[in-house]
There are 2 protein chains.
Amino acid sequence: MLKDKAIKPTESELEILSVLWDLKKASVRMVHEKLSEHKDSGYTTTLKLMQIMHEKKLVTRDDSSKTHIYEPAVSKENTQNQFLHRMIDNLFSGSSTELVLQALGHQNTTQEELLKIEALIKTLKSKQ
Amino acid sequence: MLKDKAIKPTESELEILSVLWDLKKASVRMVHEKLSEHKDSGYTTTLKLMQIMHEKKLVTRDDSSKTHIYEPAVSKENTQNQFLHRMIDNLFSGSSTELVLQALGHQNTTQEELLKIEALIKTLKSKQ
DNA sequence: AGCATAATACGATTTTATTCGTACGCAATT
DNA sequence: AATTGCGTACGAATAAAATCGTATTATGCT
């Protein structure tokens, strides 16, 4: 299995990535609009952040026309795993099970979702 | 249920808290020693951080003798939940199930642990 | 008492992240 | 061709986190 590259987006960068994962590709304005729903920082702030992310290769961009179009350069899954790992190491004594138990215990999870998880567990059990 | 207070330890503070959760109580030196296994920053850095954490009430301390003894003032569980929440919101579209599936899918989990999780799921299902 | 050791206090610096103002360019409209 | 609107570039200010050096104090030993 390929080792994930250690990418470390900051909080703000994560917010932007989330939007991009959702929209697949977007201009700064589109991203900024979306962010403005929760957050209130200026347009140039979002712009600057996205420029920095471009330098860091967290996103790619097409600047062939005036309005640049950005795309995520790191996958949602990889990034999720990165953070999961870090969290498990820092906070859950290295045990992913501890994290799962905690997450299930404290968030409320619908019947349907519990079934989905059960199904996955069944698969995992048979694989061993 | 009581709402958890919104505590936001930084990365470094988390590392220190982890040690304290483990040891229950400890002097700066003990904490620093432990941290030094993974990290290399000076003693006074750890000291300063712990002093700041004291101001922020992340830890309590007994300074009745020369060597101050620190204890965590926030519980591991609360802190875990805080971070879980933030992570679920930021990265998992608000779905704790998505996080659980990801965690189970990519970390490897022993048979025994799978059983533990199954058991919890059974409990949760019956509670609804 | 004098000295060495180990601790705290705390200001200052450095580093990283976030935010914004302003300059400037391009293209459509008047 | 002037004006306006929308875009990027980029330096600079601000804020937050981490690091460290130096001063000072307490304690135990000779």
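Just above sits the structure.
Residues numbered from 1 in each chain as written. Chains lettered and ligands numbered in written order. Predicted model: local features only at pLDDT ≥ 70, side-chain atom pairs only at ≥ 80, totals over all residues. Heavy atoms only, no water.

Asks: Help me understand helix α6 (residues 111-127) of chain B in this model?
Replies: Turn by turn, an α-helix covers 3.6 residues, leaving residues three or four places apart pointing in a common direction. With 17 residues, α6(B) ought to run about 24 Å at 1.5 Å a step, and its terminal C-alpha atoms sit 25 Å apart, in line with that. Along α6(B), the residues that are buried comprise E113(B), L114(B), I117(B), I121(B) and L124(B). One face of α6(B) carries all of its buried residues, which in axial projection span an arc of 100 degrees. Of the exposed residues in α6(B), those oriented more than 90 degrees away from the buried face are E112(B), K122(B) and S126(B). Lining the buried residues of α6(B) we find α5 (96-106) and α6 (111-127) of chain A together with α5 (96-106) of chain B. (Helix = DSSP H or I, 4+ residues; strand = E, 2+ residues; numbered from the N terminus. Expected span 1.5 Å × (residues − 1). Buried < 20%, exposed > 50% of the residue type's maximum accessible area, 1.4 Å probe, protein only. Arc of directions from axis to C-beta. Contact = heavy atoms within 4.5 Å.)

Asks: Where do I start with unusual backbone geometry in this structure?
Replies: Both trends apply: most residues other than glycine have a negative phi, and most peptide bonds are in trans. Even without a glycine there, the phi angle at K57(A) is positive, about 65 degrees. You can see K57(A) is positioned in the loop between α3 (43-55) and β2 (59-62). The class for K57(A) is exposed, based on a relative accessible area of 63%. A positive phi angle, close to 45 degrees, is found at S93(B), a residue other than glycine. Tracing the backbone through its elements, the reader meets S93(B) in the loop between α4 (76-91) and α5. The exposure class of S93(B) is exposed, given its relative accessible area of 55%.

Asks: What exactly am I supposed to notice about the interface of chain B and chain A here?
Replies: Size of an interface: often given as the accessible area lost when the parts come together. Across the contact, 47 residues belong to chain B and 47 residues belong to chain A. Both faces combined, the contact of chain B with chain A buries some 4500 Å², and carbon together with sulfur accounts for 60% of it. Inspection of the chain B/chain A interface yields two salt bridges. Across the pair K125(B) and E118(A) runs a salt bridge whose closest N-O atoms are separated by 2.9 Å. Counting across the interface, chain B meets chain A through 15 residue pairs in polar contact (both at pLDDT 80 or more). Residue assignment for the side of chain B that touches chain A shows that the elements contributing at least two residues are α1 (11-23), α4, α5 and α6 of chain B. For the side of chain B that touches chain A, the leading source of residues is α4(B), giving 13 residues. The class makeup of the residues in the side of chain B that touches chain A is 19 nonpolar, 18 polar and 10 charged. (Buried area = accessible area lost by both parts, 1.4 Å probe. Salt bridge = Lys/Arg side-chain N within 4 Å of Asp/Glu carboxyl O. Polar contact = N/O pair within 3.5 Å; in protein donor to acceptor, adjacent residues only side chain to side chain. Nonpolar A, V, L, I, M, F, W, Y, C, P; charged D, E, K, R; others polar.)

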